[in-house]
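Each chain, written out:
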Amino acid sequence: GDSVTQTEGLVTLTEGLPVMLNCTYQSTYSPFLFWYVQHLNEAPKLLLKSFTDNKRPEHQGFHATLHKSSSSFHLQKSSAQLSDSALYYCALSPMATGGNNKLTFGQGTVLSVIP
Amino acid sequence: GGIITQTPKFLIGQEGQKLTLKCQQNFNHDTMYWYRQDSGKGLRLIYYSITENDLQKGDLSEGYDASREKKSSFSLTVTSAQKNEMAVFLCASSIYRGAETLYFGSGTRLTVL
């Protein structure tokens, strides 16, 4: 079945340093990949979604590139801000034709940005 | 824009008790979901519903029941609360099944004494 792996449970960074949160996946199909973000006491919300045409999605300074060869969709940002502190989930949708396209979520990575 | 409202925000129950969590959405979305959020385990799907009166089991449905009597509402029942049920339960909706953008509520935190 499909699976998503986020190896880091907690990433602590100093403000201004680059961010990279890891996400790898396994899927029988050519899936879409997503990043959801959840700030403290808020609902999770969509941050980024992969494109079918290899464009790199970007939002709020974050970007991610889908590498099918390595089955990865790492989240990156050039300079961390205090407001980036949150829980980040990587997720996969198999996009199987006529199949069940439920999202599969990774374990989540807490990003803590310190002054 | 729309909103997903989950009630109650905090739910305290006794071991063995039957407990119900409620969710309302005003997006007019077809599909609704219940996820359980545990630290370090990600979001795990309990039940989902693609339309009124439809119910589909997720990966974690044992010990839970669900009900979708209206398009706008989706409730989840813990049939017999256990101490290891303590978690945050998140409701979500999407415009249709297979649509990957989920809109989440802020959650119900369940504590079992």
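A quick note: this is a predicted structure, and the numbers were derived from the prediction, not measured. (Residues numbered from 1 in each chain as written. Chains lettered and ligands numbered in written order. Predicted model: local features only at pLDDT ≥ 70, side-chain atom pairs only at ≥ 80, totals over all residues. Heavy atoms only, no water.)

This brings us to the sheet that holds strand β1 (residues 4-7) of chain B. Residue and element names in this part refer to chain B. Sheet architecture is open: 4 strands sit in the order β1-β3-β8-β7, paired in antiparallel fashion. Every interior strand has two partners, whereas the edge strands, β1 and β7 (64-70), have only one. Recorded for the sheet is a direction-independent mean angle of 20 degrees between the axes of neighbouring strands. In the sheet, β1 pairs with strand β3 (residues 19-25) via 4 bridges, with the strands oriented antiparallel. Opposite Thr-7, over in β3, you have Lys-22 as the bridge partner. (Pairing = 2+ DSSP bridges. Helix = DSSP H or I, 4+ residues; strand = E, 2+ residues; numbered from the N terminus. Axes fitted to C-alpha atoms, helices over the stretch in contact; angles between N-to-C directions.)

Okay, the side chain of Gln38(A) next. In this fold, Gln38(A) is placed in strand β5 (residues 32-38). A relative accessible area of 10% places Gln38(A) in the buried class. Of note is the side chain of Gln38(A), whose polar atom sits 3.1 Å from the backbone oxygen of Glu42(A). Here the side chain of Gln38(A) touches Gln37(B) through a polar contact of 2.7 Å, side chain to side chain. Beyond its immediate stretch of four places on either side in the chain, Gln38(A) contacts Ala43(A), Pro44(A), Ala86(A), Leu87(A), Tyr89(A) and Gln37(B). (Buried < 20%, exposed > 50% of the residue type's maximum accessible area, 1.4 Å probe, protein only. Polar contact = N/O pair within 3.5 Å; in protein donor to acceptor, adjacent residues only side chain to side chain. Contact = heavy atoms within 4.5 Å.)

Here we take up unusual backbone geometry. Of note, the amide linkage connecting Thr7(B) to Pro8(B) takes the cis form, showing an omega dihedral of -10 degrees. Among the secondary structure elements, Pro8(B) is positioned in the loop between β1 and β2 (10-13). Phi at Asn41(A) is positive, roughly 65 degrees, even though this residue is not glycine. Tracing the backbone through its elements, the reader meets Asn41(A) in the loop between β5 and β6 (45-49). For Asn41(A), a relative accessible area of 73% corresponds to the exposed category. Residues other than glycine seldom take positive phi values, yet Gln60(A) does so here, at roughly 55 degrees. Residue placement: Gln60(A) occurs in the loop between β7 (58-59) and β8 (62-64).

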